[in-house]
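Listed here are the chains, written in short residue letters.
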Amino acid sequence: MIQKFNLKLILLECFALIFIISGIDRLYVAFNGEKFDALMEEDWKKFESLTDVRIGEFFVNQAYWTFGIILIGILVVGLINWKNKFGIINSIIVLILTIGISTTGIYSTGIINRYLNYFCGIFAEGYGLAFLIGGLIIAFIGIAILWKTIKMNKSTVHNTVYN
C-alpha cells in the first residue's frame with residue numbers, strides 16, 4: 001500500500017480538479033450571466049423578472065452545483081486510480097485535499113482570477129460571455145493536467161510492473 005502512494009500524482013490530480021471545478025463554476029456563471037449582471041448592478045426587479053428563484057436560493061443552487069462537480073471529479077479520479085491499480089489511499093487524499101481547498105473559496109479569489117477576469121472582460125461587457133471564455137480556458141487547462149496525470153499513471157504502472 002505504501003508503494004502505491006504517489007505524492008506527485010496526488011498533487012497533480014488535486015491541481016487538475018481545482019482547475020476543472022473552477023472552470024465549470026465559471027460556466028455556471030456564464031449560463032446565468034444575465035442574472036449575475038442584475039445582481040452585480042443591484043437591479044432587483046430585473047433579477048426577479050429573469051427568474052422566480054430567491055437570491056439566497058440562487059446562491060445555494062450554485063453551491064450545490066459546485067459540490068456536485070467536486071463529487072463527480074473525485075469519482076473520476078478514483079476510477080482513474082482504480083483502473084491504473086493505485087491504492088485507494090491516493091483517492092482518499094485527493095478527496096480530502098480537494099474538499100479542503102474548495103471550502104477556502106480559492107476558486108473565486110486570487111491574482112490569477114483577477115487577470116483572467118480582466119482578459120475575458122476585453123471580449124465581452126457582461127458576465128455571461130466573459131465567464132464562458134474564462135471557464136472554457138480554465139476547464140481546458142484542468143483537463144490537460146488530468147490527461148497528463150493519466151499518462152503518468154500509465155507510465156508509472158508499466159515501469160513498476162516490468163522492473
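Everything below is about the structure shown above.
Here the structure is a predicted model, which is why all the values come from computation and not from measurement. (Residues numbered from 1 in each chain as written. Predicted model: local features only at pLDDT ≥ 70, side-chain atom pairs only at ≥ 80, totals over all residues. Heavy atoms only, no water.)

A. The overall build of the protein, seen in detail. Secondary structure assignment for the protein yields seven helices and zero strands. Going from the N terminus to the C terminus, the protein shows its helices and strands as α-α-α-α-α-α-α. Split into buried and exposed, the 163 residues of the protein put 40% on the buried side. Expressed as a percentage of contacts within the protein between residues at least 6 apart in sequence, the contacts between residues at least 24 apart total 74%. For the protein, the exposed area adds up to about 10400 Å²; of that, 69% sits on carbon and sulfur atoms. (Helix = DSSP H or I, 4+ residues; strand = E, 2+ residues; numbered from the N terminus. Buried < 20%, exposed > 50% of the residue type's maximum accessible area, 1.4 Å probe, protein only. Contact = heavy atoms within 4.5 Å. Areas by Shrake-Rupley, 256 points an atom, 1.4 Å probe, with all protein chains shown as cover.)

B. A look at the packing of aromatic side chains. Enumeration according to the criterion identifies three aromatic pairs in this entry. Plain terms: the ring middles of phenylalanine 15 and phenylalanine 19 are 4.9 Å apart, the flat faces sit at 80° to each other, and that makes the pair edge-to-face. Note that phenylalanine 15 and phenylalanine 19 are positioned in helix H1 (residues 7-31) at a spacing of four residues, about one turn of the helix. Using a relative accessible area of 18% as the deciding quantity, one classes phenylalanine 19 as buried. Here phenylalanine 58 and phenylalanine 59 contribute two aromatic rings whose centre-to-centre distance is 5.6 Å and whose plane-to-plane angle is 70°, an arrangement assigned as edge-to-face. (Phe/Tyr/Trp six-rings, centres within 6.5 Å; stacked < 30°, edge-to-face > 60°.)

C. Quick peek at the environment of isoleucine 99. Assignment of secondary structure puts isoleucine 99 in helix H5 (residues 88-102). Taking the C-alpha atoms as reference points, isoleucine 99 and isoleucine 74, separated by 25 residues in sequence, lie 9.6 Å from one another.

D. Representation of the nonpolar core in the model. Ranked by internal contacts, the top residues of the largest apolar core, which has 28 residues, are Leu17, Phe58, Val94 and Leu146. Only H1, helix H2 (33-40), helix H4 (55-83), helix H6 (111-121) and helix H7 (127-162) provide two or more residues apiece to this core. Here this core takes nine residues from H1, the largest share from any one element. With sequence-adjacent residues up to four places away left out, phenylalanine 58 is seen in contact with Tyr28, Asn32, Lys35, Phe36, Leu39, Phe47 and Val53. (Core = buried A, V, L, I, M, F, W, Y, C linked by side-chain atoms within 4.5 Å.)

E. Representation of the packing of H1 against H5 within the structure. At a minimum axis distance of 9 Å, the contact between H1 and H5 shows a crossing angle of 40°. In terms of orientation, H1 and H5 fall into the oblique class. Seen from above, H1 lies across H5 with right-handed handedness. Facing Ile10, Leu11, Glu13, Cys14, Leu17, Ile18 and Ile21 of H1, the residues of H5 in contact are Asn90, Ile93, Val94, Leu97, Thr98 and Ile101. Here the contact of H1 with H5 is composed, by residue class, of ten nonpolar, two polar and one charged. (Axes fitted to C-alpha atoms, helices over the stretch in contact; angles between N-to-C directions. Parallel < 35°, antiparallel > 145°, perpendicular 65-115°, else oblique. Left-handed = near helix turned anticlockwise from the far one by under 90°. Nonpolar A, V, L, I, M, F, W, Y, C, P; charged D, E, K, R; others polar.)

F. Quick peek at the side chain of aspartate 25. With respect to the element layout, aspartate 25 can be found in helix H1. Of the buried charged residues, aspartate 25 lacks a salt bridge, with arginine 26 as the closest side chain of opposite charge at 8.7 Å. A distance of 2.7 Å separates polar atoms of two side chains, one belonging to aspartate 25 and the other to threonine 66. (Lys, Arg positive; Asp, Glu negative; His and termini not counted. Salt bridge = Lys/Arg side-chain N within 4 Å of Asp/Glu carboxyl O. Polar contact = N/O pair within 3.5 Å; in protein donor to acceptor, adjacent residues only side chain to side chain.)

G. Main features of H4. Its 29 residues place the ends of H4 42 Å apart at the C-alpha level, agreeing with the 42 Å of an ideal helix rising 1.5 Å per residue. When H4 is considered as a whole, its buried residues turn out to be Phe58, Gln62, Thr66, Ile69, Ile70, Gly73, Ile74, Val77, Gly78, Ile80 and Asn81. In the stretch just after H4, lysine 85 is the one whose phi turns positive, near 60°. (Expected span 1.5 Å × (residues − 1).)

H. Examining the environment of isoleucine 93 more closely. Examined against the element boundaries, isoleucine 93 turns out to sit in helix H5. Sequence-wise, isoleucine 93 and leucine 7 are 86 residues apart; in three dimensions their C-alpha atoms are separated by 9.4 Å. Apart from residues lying up to four places away in sequence, isoleucine 93 is in contact with Phe5 and Ile10.

I. Molecular detail of the environment of valine 53. Mapped onto the fold, valine 53 is located in the loop between helix H3 (44-50) and H4. The residues touching valine 53, leaving out its near neighbours within four places in the chain, are Phe47, Phe58 and Asn61.

In short, geometric facts, not functional conclusions.
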